[in-house]
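Structural overview for review
Residues per chain are reported as follows:
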Amino acid sequence: MQRGILDTVISGARARNSHAQVVQALGRSIIAGRYPVGSTLPGDAELAALFGVSRTVLRETMKTLAAKGLIVARARIGTRVTPLQQWNLFDKDVLNWYFDVGVTEEFMLHISEIRMAFEPHAAALTARQASSQDIARIMTLAQAMDDPQHDAETLAFADLKFHLAILDACGNPFMRSVGSLIEAALTGVFKLSSPAADQSRIHDVAQAHIRIVDAIAAHDEQGAREAMENVIRVGRDRVVAALEEKQGNPKS
């Protein structure tokens, strides 16, 4: 089973077979800019020697990277790195590689923006049509976040379960496809500035999520939308502040 982004970052798991290892190495190198957009990758013979793999493994690697939108092969030209707009940023591997090489404030802001485009609407849809069983399950997940014994890892997983449950309950199967972006956002929180560092903040985070469920239970679509927007905004601001402090440029 494919590991999620959060699970991979926490466990430090890495690929085991030759194909996956080469995909990871080249994918990270592209994301990091060691092979810039528009550049041509080294030839097959050079890459096969560099990684100590067969040309068969290398061909499968290129197919995988092409499927993720990172490269394109052209006869008599070679294999080129494609523009960022062609990369599949919903792909879990691509998102993992971003975290491997170090995310930027701009990257995390872009994730927050796409979450704002989808998740508040998913919360409103859930408020419109959630069953009593759905509401009970989501409330249980929100309440499970309010545990002072949480560490950064357990709180991140509890948070992820809550947000994915909203996507599952909203009734639109396309919404679930943004799950990897939510996971990426929560991975950023886990790595940079988890509320679990301060027990009082754990309670505040849990209460903010419970307010989403209260609005859903009341079938208050606008209330659910606004409560979700608040949760995303607070998480975004926390990560941005942590990144700015890490870069030695704290907000004034």
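Compared with the 36 Å implied by 1.5 Å per residue over 25 residues, the 36 Å span of helix 6 (residues 105-129) between its first and last C-alpha is a close match. Met116 marks where helix 6 bends most, by close to 35°; the proline Pro120 follows one to four residues later.

A separate point is the packing of aromatic side chains. Using the criterion set out here, one finds 2 aromatic pairs in the structure. One aromatic cluster in this structure is built from Tyr98, Phe99 and Phe107.

Although it is not a glycine, Arg76 sits at a positive phi angle of roughly 65°. Position of Arg76 among the secondary structure elements: in the loop between strand 1 (71-74) and strand 2 (78-81). Exposure remark for Arg76: the relative accessible area of 85% places this residue in the exposed category. Phi at His219 takes a positive value of approximately 55°, unusual for a residue other than glycine.

Here we come to the packing of helix 6 against helix 9 (residues 179-192). Where helix 6 contacts helix 9, the two axes come as close as 10 Å, and the packing angle between them is 135°. Here helix 6 lies oblique to helix 9, going by the angle between them. The hand of the helix 6/helix 9 crossing is left-handed. Facing Met108, Ile111, Ile114, Arg115 and Glu119 of helix 6, the residues of helix 9 in contact are Leu181, Ile182, Ala184, Ala185 and Gly188.

This part takes up the confidence of the model for the protein. On average, residues of the protein score 89 in pLDDT, and 92% of them reach the 70 mark or higher. Confidence, read as mean pLDDT per element, is least for helix 1 (residues 5-11) in the protein (62) and greatest for helix 7 (residues 132-144) (98).

Below, the discussion takes up the pairing of strand 1. Alignment of strand 1 against strand 2, held across 4 bridges, turns out to be antiparallel. Within the sheet, the bridge partner assigned to Arg74 lies in strand 2 and is Gly78. Hairpin geometry of strand 1 and strand 2 is characterised by an intervening segment of 3 residues between the two adjacent antiparallel strands and by a positive phi of about 65° at Arg76.

The tendency in soluble globular proteins is for nonpolar side chains to be buried as a group. Counting residues in each nonpolar core, the largest one holds 40 residues, and the members touching the most others are Phe162, Ile166, Ile212 and Ile216. Contributions of two or more residues to this core are made by helix 6, helix 7, helix 8 (152-169), helix 9, helix 10 (199-217) and helix 11 (221-246). Contacts of Phe162, omitting those with residues within four sequence positions, involve Ile138, Leu141, Ala142, Met145, His209, Ile212 and Val213. In terms of nonpolar packing, the next biggest core, distinct from the first, is built from 33 residues, Val22, Val57, Ile111 and Leu243 among them.

Attention shifts here to the environment of Gln149. Assignment of secondary structure puts Gln149 in the loop between helix 7 and helix 8. Taking the C-alpha atoms as reference points, Gln149 and Phe162, 13 residues apart in sequence, are found 18 Å from one another.

Bringing the side chain of Thr61 into the picture now. Tracing the sequence through the fold places Thr61 in helix 4 (residues 55-67). Excluding its chain neighbours within four sequence positions, the residues that come into contact with Thr61 are His19, Val22, Val23 and Leu26.

The end-to-end C-alpha distance of helix 2 (residues 18-32) is 21 Å, a good match for the 21 Å that 15 residues give at a rise of 1.5 Å each. Within the sequence span of helix 2, burial applies to Val22, Val23, Gln24, Leu26, Gly27, Ser29, Ile30 and Ile31. The inward-facing, buried residues of helix 2 contact helix 3 (44-51), helix 4, strand 1, strand 2 and helix 5 (92-101). Between the side-chain oxygen at the start of helix 2 and the backbone nitrogen of His19 there is a gap of 3.2 Å, and the oxygen is on Asn17. Where helix 2 ends, the next residue or the one after it, Gly33, has phi of about 90°, a positive value.

The rules behind these values
Residues numbered from 1 in each chain as written. Predicted model: local features only at pLDDT ≥ 70, side-chain atom pairs only at ≥ 80, totals over all residues. Heavy atoms only, no water. Helix = DSSP H or I, 4+ residues; strand = E, 2+ residues; numbered from the N terminus. Expected span 1.5 Å × (residues − 1). Bend = angle between axes of the 7 residues up to and from the residue. Phe/Tyr/Trp six-rings, centres within 6.5 Å; stacked < 30°, edge-to-face > 60°. Buried < 20%, exposed > 50% of the residue type's maximum accessible area, 1.4 Å probe, protein only. Axes fitted to C-alpha atoms, helices over the stretch in contact; angles between N-to-C directions. Parallel < 35°, antiparallel > 145°, perpendicular 65-115°, else oblique. Left-handed = near helix turned anticlockwise from the far one by under 90°. Contact = heavy atoms within 4.5 Å. pLDDT = per-residue confidence, 0-100. Pairing = 2+ DSSP bridges. Core = buried A, V, L, I, M, F, W, Y, C linked by side-chain atoms within 4.5 Å. Polar contact = N/O pair within 3.5 Å; in protein donor to acceptor, adjacent residues only side chain to side chain.

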